[in-house]
Amino acid sequence: MVDAFCATWTLVDSQNFDEYMKALGIGSNIRKIGNVTNPSIVISHEGDTVVIKTLSLILNNGISFKLGEEFDETTADDRQVKSIVTLEGESLVHVQRWDDKETKIVREIKDGKMITTLIFEGVQAVRTYEKE
């Protein structure tokens with residue numbers, strides 16, 4: 001299941017995240033904060049419920065879900081979205097939909113690191129996390 005992802009992960013590298021946030025329509029002040037924040041991601045599960053918490057000095061948020069079941073999510077930038085997370089091969093794929101738009105967040109483990117690829121309307125950002 002998601003056991004390989006269950007850990008506390010700290011951001012160590014971020015590529016093209018500002019362009020991704022800009023494509024989502026996030027204002028410059030919030031983007032500045034997003035670009036300087038080094039969040040930790042805590043992934044755990046209890047039974048078939050998965051919990052992903054994003055923790056930083058500025059903002060904490062989290063989601064709780066069952067794989068393959070749609071749920072309501074309020075994103076860190078305050079979008080109200082319908083989300084679904086699935087396990088595709090060895091990747092955890094998180095799709096958010098709102099206002100006829102869709103973004104995809106793909107998490108995978110490579111060389112002991114969690115590589116998170118965020119994709120929206122042709123703009124792609126890659127954020128790399130290491131286990132604490």
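Quick caveat: nothing in here was measured; it's all calculated off a predicted structure.

1. Some details on the packing of aromatic side chains
Counted by the stated rule, this structure contains three aromatic pairs. Consider the rings of tryptophan 98 and phenylalanine 120, whose centres lie 5.6 Å apart with planes at 20°: the pair is stacked. With tryptophan 98 in strand β7 (residues 91–98) and phenylalanine 120 in strand β9 (residues 113–120), the pair connects residues that are 22 residues apart, well separated along the chain. Each member of the pair, tryptophan 98 as well as phenylalanine 120, carries the same accessibility label: buried. Between the NZ or CZ atom of arginine 79 and the centre of the ring of tryptophan 98, over which it lies, the distance is 4.4 Å.

2. Details of the pairing of strand β8 (residues 101–110)
In this structure, β7 lies alongside β8, joined through seven bridges in antiparallel fashion. Residue pairing across strands places arginine 97 opposite glutamate 102, the latter belonging to β8. Between β7 and the antiparallel strand that follows it, β8, lie two residues; aspartate 99 among them carries a positive phi value of about 45°. Pairing between β8 and β9: eight bridges, direction antiparallel. The residue of β9 that forms the bridge with arginine 107 is threonine 116. The hairpin turn running from β8 into β9, its antiparallel successor, is two residues long, and aspartate 111 in that turn takes a positive phi close to 50°.

3. Things to note about the layout of surface pockets
The volume enclosed by the largest pocket comes to roughly 820 Å³. Lining the largest pocket are 33 residues; nearest its centre among them are Phe17, Thr54, Asn61, Ala76 and Asp77. If you list the elements that add at least two residues to the lining of the largest pocket, you get α1 (17–24), α2 (28–36), β3 (49–55), β4 (61–66), β7, β8, β9 and β10 (123–131). Among the residues making up the lining of the largest pocket, the classes are represented as 18 nonpolar, ten polar and five charged.

4. Brief notes about the UniProt feature "domain: Cytosolic fatty-acid binding proteins" (unreviewed entry) in the chain
Feature annotation in UniProt places "domain: Cytosolic fatty-acid binding proteins" (unreviewed entry) on residues 7–24, given in this structure's numbering. Annotated as 44% helix and 50% strand, the span residues 7–24 places its first and last C-alpha atoms 28 Å apart.

5. Here we look at unusual backbone geometry
Look at aspartate 78: it is not a glycine, yet its phi comes out positive at around 75°. As for its placement among the helices and strands, aspartate 78 is situated in the loop between β5 (71–74) and β6 (80–88). A positive phi is found at aspartate 111, a non-glycine position, where the angle reads about 50°. Mapped onto the elements of the fold, aspartate 111 is located in the loop between β8 and β9.

6. A closer look at the side chain of serine 56
Position of serine 56 among the secondary structure elements: in the loop between β3 and β4. At 3.2 Å, the side chain of serine 56 forms a polar contact with the backbone nitrogen of isoleucine 58. A polar side-chain atom of serine 56 sits 2.8 Å from the main-chain carbonyl oxygen of leucine 59. Not counting residues up to four positions away in its chain, the partners in contact with serine 56 are Thr37 and Pro39.

7. Describing the environment of asparagine 61
Within the secondary structure, asparagine 61 is located in strand β4. Looking at asparagine 61, the relative accessible area reads 25%, which means it is partly exposed. Each C-alpha atom, one on asparagine 61 and one on tryptophan 9, is 15 Å from the other, the two residues being 52 residues apart in sequence.

Procedures and definitions
- Residues numbered from 1 in each chain as written.
- Predicted model: local features only at pLDDT ≥ 70, side-chain atom pairs only at ≥ 80, totals over all residues.
- Heavy atoms only, no water.
- Phe/Tyr/Trp six-rings, centres within 6.5 Å; stacked < 30°, edge-to-face > 60°.
- Helix = DSSP H or I, 4+ residues; strand = E, 2+ residues; numbered from the N terminus.
- Buried < 20%, exposed > 50% of the residue type's maximum accessible area, 1.4 Å probe, protein only.
- Lys NZ or Arg CZ within 6 Å of the ring centre and 35° of its normal.
- Pairing = 2+ DSSP bridges.
- 1 Å grid on protein atoms, 1.4 Å probe; cavity = no way out; pocket = protein on both sides within 12 Å on 5 of 7 lines; lining within 4 Å.
- Points joined across faces, edges and corners; volume = space filled by probe spheres on them.
- Nonpolar A, V, L, I, M, F, W, Y, C, P; charged D, E, K, R; others polar.
- UniProt positions renumbered as here; feature names shortened; annotations may be inferred.
- Polar contact = N/O pair within 3.5 Å; in protein donor to acceptor, adjacent residues only side chain to side chain.
- Contact = heavy atoms within 4.5 Å.

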